[in-house]
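Given next are the chains, with one letter for each unit.
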Amino acid sequence: PDRPGDATLRLADLRGRRVAVLGAGREGLSAARLLAQRLETNASVLGESEAPPEIRDALAQLAGIELHISADAFSDLSAYDVAIRSPGLSIHRSELVHARAEGVTFTSLTDLFLAEHADDLVIAVTGTKGKSTTASLIGLALEASGLPTVVAGNIGTPVFDADPEGRARAFVVEVSSYQASDLRSGPSIAVLTCLHPEHLDWHGGLDAYYDDKLNLLRRAKSAVVLDGTCVEARRRTEGLAARRFFFAVEEGIHEKGGVIFDRSRPLGRVDELPLRGAHNVSNVCAALGVASWLERDLAAAWRGITGYLGLPHRQREIAARDGIRFIDDSL
C-alpha cells in the first residue's frame, strides 16, 4: 500500500512549490540541476555532513539553490511542500515519517523519472545481487538489436543525466531497494535478479526489505521478468500479472549442458561469454529474456552480449601468468 505523504508527481508539479532536496550527494546535485535549469524553481539542498567540494561548487553555480548542512538537517521539514529524497536516506527514519504525517509530499529522482517517462519503454532492474551487470547486459542486448538504449540509475548515472542528446528509445534503470521502497510510478518491465537478506538495518527487517524491493515489481505495467530458480522470488511474486521466468530449464531463456536456449532454440555456448560463473549465466538469461519479451532479434542481442567483459571488480580476469589466472573480485 502507498504510504501517507507519497504522491505521483511529474516535473511540472514541482513548479511554484517549496522544495527540499534531501541529501547533498550525486543525486542531490542532479535534482538541484533539474529544478534550477529545467524548471527554474528555487530549492534547498539539505545535508547532514559536508558535501564534497566538487558538489558544493556545482551547487553554488545554480540559481535559486541554497545549500544547508547541519547534523539535524532533516529534523524539521515543515517549511516545505515537497521533499526529493536521495536513496541513502531511509524512508523509515523518524524525521521522514513525521514529515509525511504532517503533509510533506515525498518523491525521488527515480519516481519522477518513471512518471515523466510513463509512455516510454523503461526496463527497471532490481535484485539483491547482479543488478548492475544485468542492467548493462540488457542495454547491450537492446542496443545490438537496433534499439538505442541508455543505462542509468543506481549503476552510477542519475536518471535525468543519462540521455542529454535525447537519442534513447529505451531506458534501462538499475533500482536499489532504497530507490524502490517508496515508488508510486512503475516501469514498462521490471526485472528481478534474485532475493537474499541484505540491508536489514535500513529497511527494518527481512520482510520489510523484500516488500520494499518488490514494490518495483508490483508497479510494472507490462511484464515482470525473474529468475525461475529462485524459490523466494517465485513465492513472493505469486499473483503478479505477466510473470516471465528465465534461467529455469522448463521455460523461457535457460542454460542446459553449457548452451543457452530460447525454449528449444540454441542461441550460443556459455564458453563464448567473457563473463564467468553460474550467476552471470543467470544475468545473461535475464537480458535475453527481456529482449525476447520485446521481440528483438535474439541473434543480434547475443552478439552484443558476447563482447561484454563485465564491470570492474566483479570476477573480472585481469591477467594470466605461468598458468595462473588472476581474478579481480574485490567488490
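Structure first, text after, so check above.
Everything quoted here is computed from the prediction, not taken from an experiment.

A. Representation of helix H4 (residues 109-116) in the model. The element H4 is extensively covered by neighbouring structure, given that seven of its eight residues are classed as buried. Of all the residues in H4, the buried ones are Leu109, Thr110, Asp111, Leu112, Phe113, Leu114 and Ala115.

B. View of the sheet that holds strand E14 (residues 265-269). In spatial order, the strands read E12-E13-E14; together these three strands make up an open sheet with antiparallel pairing. In this open sheet, the two edge strands, each paired with only one partner strand, are strand E12 (253-256) and E14. Averaged over neighbouring strand pairs, the angle between their axes works out to 30° when direction is ignored. Here four bridges tie E12 to strand E13 (residues 259-262), and the two strands are oriented antiparallel to one another. Across the sheet, His254 pairs through a bridge with Phe261, a residue of E13. Relative to E12, helix H10 (residues 278-293) is tilted by about 145°, and along the sheet it contacts E12, E13 and E14. This element, helix H11 (residues 298-306), spans E12, E13 and E14 of the sheet and lies at about 15° to E14.

C. Structural context of the environment of Leu288. Mapping Leu288 onto the fold places it in helix H10. By relative accessible area, which is 0% here, Leu288 ends up buried. On a C-alpha basis, the gap between Leu288 and Leu267 in space is 9.6 Å, while along the polypeptide they are 21 residues apart.

About the thresholds
- Residues numbered from 1 in each chain as written.
- Predicted model: local features only at pLDDT ≥ 70, side-chain atom pairs only at ≥ 80, totals over all residues.
- Heavy atoms only, no water.
- Buried < 20%, exposed > 50% of the residue type's maximum accessible area, 1.4 Å probe, protein only.
- Helix = DSSP H or I, 4+ residues; strand = E, 2+ residues; numbered from the N terminus.
- Pairing = 2+ DSSP bridges.
- Axes fitted to C-alpha atoms, helices over the stretch in contact; angles between N-to-C directions.
- Contact = heavy atoms within 4.5 Å.

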